[in-house]
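Structural overview for review
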Amino acid sequence: MEFYALQMEIATVVLAVIGLLAGAFWPKHVSLIRRGLAEGALLVVLASLFLAFPQHHAFFGDTFVLDRFAIFFKQILLGTAALVLLLADAHGPLRRQGGAEFSALVLLAAAGMMLLASANDFIFLFVALELVTITFYVLNSFLRGEARALEAGLKYLVLGALSAGFMAYGLAYIFGATGSLNFDAIHHALHGDKLPQGVYAFGFGMVLLGLGFKMAMVPMQIWAPDVYQGAPTPAAAFLASGSKIAGFAVLLRLIFADLLPTAWEAQPVLLMALAAITLLYGAVGGLAQTDLKRLLGYSSITNAGFLLLGIAAGGDVGHAAVIYYLVQYLFAVLAVFAVLTVVANASDTADRATLAGLHRRSPLLALALLLAMLSLAGIPPLGGALGKFFLLLAVLLRARVDPAFYALAGVAVAGAVIALCYYLRVLRGAWADPAPDAATRIVVPWTVRVVLFICMAGMLVLGVWPQPLLNWALHCLH
Amino acid sequence: MMHVGLIHYLAVSGALFALGLACIVLRRNALLVFMGLEMNLNAANLALVAFSRYGGHAEGQVLATFIIAIAAAEVAIGLAIIVALFRQRSSMVTDLLRSLKG
């Protein structure tokens, strides 16, 4: 039975459907259902750690692969979705709107991301990618009574559909050049001598643009600040974590399948330029921001730039560093969004004044924000510091054979220093600014507490004990 | 009589894609922007089917079929968002969408 290969995705979709039906039949117990879905998703992740996956490798006519890399990313992505569901249950505006649809949609998007991690065929990849994108159109504009959410939804829709158009057009040219859409077949065609390399490189470039939308890579990054600011906080959290991780998982898969145009591998000028520009755009753009969710949009762009460093540098070190960075970034960014979910509960907006005096109003939130911001800024002993260190290491290793990478390393350090400024400014708001007179203690719901403890533990453990994850990442690559 | 070959189909597809892009960038009406987006997808469909016909592989047509279905889903959600926005603002001009900025 080949369908055993899909067990995690099937479980996720079944959970989503159960959530939708239960929400329709028992509208009075919606909060219970939402938490039940989160716990169900966590259970699926736990079960997948012990379940036997089929031993052989490719399924459904080589369109779906199930290797350690795919399973690892499936677990990470579904775990992320579970944490986002816990946040959604604590989010004021979403609670007021009622219904279990938001939670069900998060699970469906997660199912699409999990399929993406296994894609071995461009048709499969495109359909899974659109499952994620179209679900996010709804998630971002879910609070349809609010003008901000609708504006964010429309902006995401236009850029998302544009990226889908780029990708489809690029796929047409990849198909035209190689005569196939299957990764294995394209790989064989690439090493034949009859391949029109220019046509293939054009097609692949367009596909990279389409993926760049998911990763928030220049030039497809313009949506990020607007959408993060306007979308419901849990949806923005899932965009920053799950969507980005899935995008990079696909890019890594394309690299492992050896589909990069041959000219790009010998001279990765294009990838280097993309990494440098993305990194600096996010770092410089974030400096002038006062809205925290918007700032996180720019932070997300900077981090995409850092991750592209590892992609450009390549090699086992570069790819393992990307995997490590993705996991530690996930903890940091979810912690920040968890804090914002509670602090900005009433209005769903978060300028810096909303954080004033946070250490008096809720020490737990202030501590989580401190750890997350320091981790994002790359200060030891947190996960972010090691993540940046491994990426720089990969760049410097590559620089020994290709001196242009020294310049890239310089750009990366400059970007990290600029970004440090705005992360520290957020912390000053939370720890140094006096609380407004009317401020009261903030009650943190237990669902958010769970998320915060998991994220803080993740950041600290990854910061002081990186070997297990790093070994596992290297293990995944072979 | 001129023989119509692969290159002609690709030229039409490229023109369609360029028109779609121009429509997205230049138009200020949300519905027209949306129309441009659909034109992009259909440009890709045309190229896929042409490559499929002249290359002799069927996969291109399979993907084109999937793209048609996906485009329909995208239209359903997209129009819902545009209608919700219209109810709120009584306008579909994208220039008014400036409340999100830093």
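Residues numbered from 1 in each chain as written. Chains lettered and ligands numbered in written order. Predicted model: local features only at pLDDT ≥ 70, side-chain atom pairs only at ≥ 80, totals over all residues.

Focus on the overall build of chain B
Helix and strand counts for chain B stand at three helices and zero strands. Tracing chain B from N to C terminus, the helices and strands come up as α-α-α. Taking 13 Å as the expected radius of gyration for a compact globule of 102 residues, we find that chain B reaches 17 Å, considerably beyond that expectation. Across its three principal directions, the C-alpha atoms of chain B cover 50 × 30 × 25 Å. Across the 102 residues in chain B, those meeting the buried criterion constitute 35%. Contacts in chain B between residues far apart in sequence, at least 24 positions, make up 47% of those at least 6 positions apart. (Helix = DSSP H or I, 4+ residues; strand = E, 2+ residues; numbered from the N terminus. Rg over C-alpha atoms; globule rule 2.2 N^0.38 Å. Buried ≥ 20, exposed ≤ 12 C-beta atoms within 10 Å, placed from the backbone. Contact = placed C-beta atoms within 7 Å.)

Considerations on the interface of chain A and chain B
For an interface, size is often stated in terms of accessible area lost upon the parts coming together. Counting from both sides, the interface comprises 40 residues of chain A and, opposite them, 34 residues of chain B. Mapped by element, the contributors of at least two residues to the side of chain A that touches chain B are α6 (122-140), α7 (147-178) and α10 (223-230) of chain A. For the side of chain A that touches chain B, the leading source of residues is α7(A), giving 19 residues. The residue inventory of the side of chain A that touches chain B, partitioned by class, reads 23 nonpolar, 10 polar and seven charged. (Nonpolar A, V, L, I, M, F, W, Y, C, P; charged D, E, K, R; others polar.)

What about the nonpolar core?
All names here are of chain A. With 224 residues, the main nonpolar core has Val106, Leu116 and Ala335 as its most contacted residues. When residues in this core are grouped by element, the largest group, 22 residues, is from helix α15 (residues 315-343). Leaving out residues up to four positions away in the same chain, Val106 has contacts with Ala81, Val84, Leu85, Ala88, Leu139 and Phe238. (Core = buried A, V, L, I, M, F, W, Y, C linked by C-beta atoms within 7 Å.)

Section: α7(A)
The terminal C-alpha atoms of α7(A) lie 46 Å apart, and with 32 residues this matches the ideal 46 Å at 1.5 Å per residue to within 8%. For α7(A), the tally of buried residues reaches 30 of 32 residues, placing the bulk of the element in the interior. (Expected span 1.5 Å × (residues − 1).)

Section: the packing of α15(A) against helix α20 (residues 446-464) of chain A
Residue and element names in this part refer to chain A. Contact geometry for α15 and α20: axes closest at 9 Å, N-to-C directions at 150°. The angle between α15 and α20 falls in the class roughly antiparallel. The two elements α15 and α20 meet at a crossing, and its hand is left-handed. The segment α15 lies against α20, with Val327, Gln328, Phe331, Ala332, Leu334, Ala335, Ala338, Thr341 and Val342 engaging Val448, Val451, Leu452, Cys455, Met456, Gly458, Met459 and Leu462. Class assignment for the residues of the contact of α15 with α20 results in 14 nonpolar, three polar and no charged. (Axes fitted to C-alpha atoms, helices over the stretch in contact; angles between N-to-C directions. Parallel < 35°, antiparallel > 145°, perpendicular 65-115°, else oblique. Left-handed = near helix turned anticlockwise from the far one by under 90°.)

Quick look at the packing of α6(A) against α7(A)
All names here are of chain A. One can describe the packing of α6 onto α7 by two numbers: an axis separation of 9 Å at closest approach and a directional angle of 170°. Relative to α7, the element α6 lies roughly antiparallel. The segment α6 lies against α7, with Phe122, Phe126, Glu130, Thr133, Phe136, Tyr137 and Asn140 engaging Ala149, Ala152, Gly153, Tyr156, Leu157, Gly160, Ala164, Met167, Ala168, Leu171 and Ile174. Per-class residue counts for the contact of α6 with α7 are 13 nonpolar, four polar and one charged.

Details of helix α19 (residues 404-431) of chain A
For an α-helix the count is 3.6 residues per turn, leaving residues at separations of three or four pointing the same way. All names here are of chain A. Over its 28 residues, α19 extends 41 Å from the first C-alpha to the last, a length consistent with the 40 Å expected when each residue adds 1.5 Å. Every buried residue of α19 is accounted for by Phe405, Leu408, Val411, Ala412, Gly415, Ala419, Tyr422, Tyr423, Val426, Gly429 and Ala430. If you follow the buried residues of α19, they end up packed against α13 (269-286), α14 (292-313), α16 (358-361), α17 (363-377) and α18 (383-399).

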